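# A closer look at the structure
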Amino acid sequence: MRLDKYLKVSRLIKRRTVANEACDAGRVEINGKAAKAGTEVKPGDVIEIHFGARDVKVEVTEIRETTKKEEAQEMFRYL
């Protein structure tokens, strides 16, 4: 699954366009490397997002095309 779509479906970022812009600005890393919006995400990857003064680091646990709001937290775990 594309990184921008994963960020939206998992609800780490609210909108796909915002996720796309964050990737283009270099604020998203996968496994320690800057990632583009089209980078493929797979279980076990570590995603780090830089939100201004705050950083969020998560590990991908599963990939789903769609999910309910309550189940979105199951797609990743915070590190």
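Our subject in this report is the structure included herewith. All figures in this text were calculated on a predicted structure; none of them were measured in a lab.

The rules we used
Residues numbered from 1 in each chain as written. Predicted model: local features only at pLDDT ≥ 70, side-chain atom pairs only at ≥ 80, totals over all residues. Heavy atoms only, no water. Helix = DSSP H or I, 4+ residues; strand = E, 2+ residues; numbered from the N terminus. Rg over C-alpha atoms; globule rule 2.2 N^0.38 Å. Buried < 20%, exposed > 50% of the residue type's maximum accessible area, 1.4 Å probe, protein only. Contact = heavy atoms within 4.5 Å. Areas by Shrake-Rupley, 256 points an atom, 1.4 Å probe, with all protein chains shown as cover. Lys, Arg positive; Asp, Glu negative; His and termini not counted. Charge placed at Lys NZ, Arg CZ, Asp CG, Glu CD. Pairing = 2+ DSSP bridges.

What follows covers the overall build of the protein. A tally of helices and strands in the protein yields two helices and five strands. For the protein, the sequential pattern of α-helices and β-strands runs α-α-β-β-β-β-β. Taking 2.2 N^0.38 as the reference for a compact globule, 79 residues should give roughly 12 Å; the C-alpha atoms of the protein span a radius of gyration of 11 Å, in line with that estimate. By the burial criterion, 35% of the 79 residues in the protein qualify as buried. Long-range pairs, those at least 24 residues apart, make up 35% of the contacts in the protein with a sequence separation of at least 6. When the accessible surface of the protein is summed, it comes to about 4900 Å², and 48% of that surface belongs to carbon and sulfur atoms. Of the charged side chains in the protein, 17 are positive and 14 negative, and the gap between their average positions amounts to 3 Å.

One open sheet holds the five strands; their spatial order is 2-1-3-4-5, and the pairing between them is antiparallel. The open sheet has two edge strands, strand 2 (33–34) and strand 5 (76–78), and neither has a second partner.

Looking now at the environment of alanine 35. Here alanine 35 shows up in the loop between strand 2 and strand 3 (46–51). Residue alanine 35 is classed as buried on the basis of its relative accessible area of 6%. Put simply, alanine 35 and aspartate 4 are 31 residues apart on the chain and 10.0 Å apart in space, counted from C-alpha to C-alpha. Contact partners of alanine 35, with chain neighbours within four places excluded, come to Leu3, Cys23, Val28, Glu29 and Ile30.

On to the pairing of strand 4 (residues 54–60), then. Where strand 3 meets strand 4, six bridges bridge the pair, whose relative direction is antiparallel. Across the sheet, residue isoleucine 49 finds its bridge partner in strand 4, namely valine 56. Hairpin connection between strand 3 and strand 4: a loop of two residues separates the two successive antiparallel strands, and glycine 52 in this loop has a positive phi of roughly 55°. Relative to strand 5, strand 4 is paired through three bridges, and the arrangement is antiparallel. Note that in strand 5 the partner of glutamate 59 across the bridge is arginine 77.

One ladder, built from three bridges, connects strand 1 (residues 28–30) with strand 3; its direction is antiparallel. The partner of isoleucine 30 across the bridge, within strand 3, is isoleucine 47.

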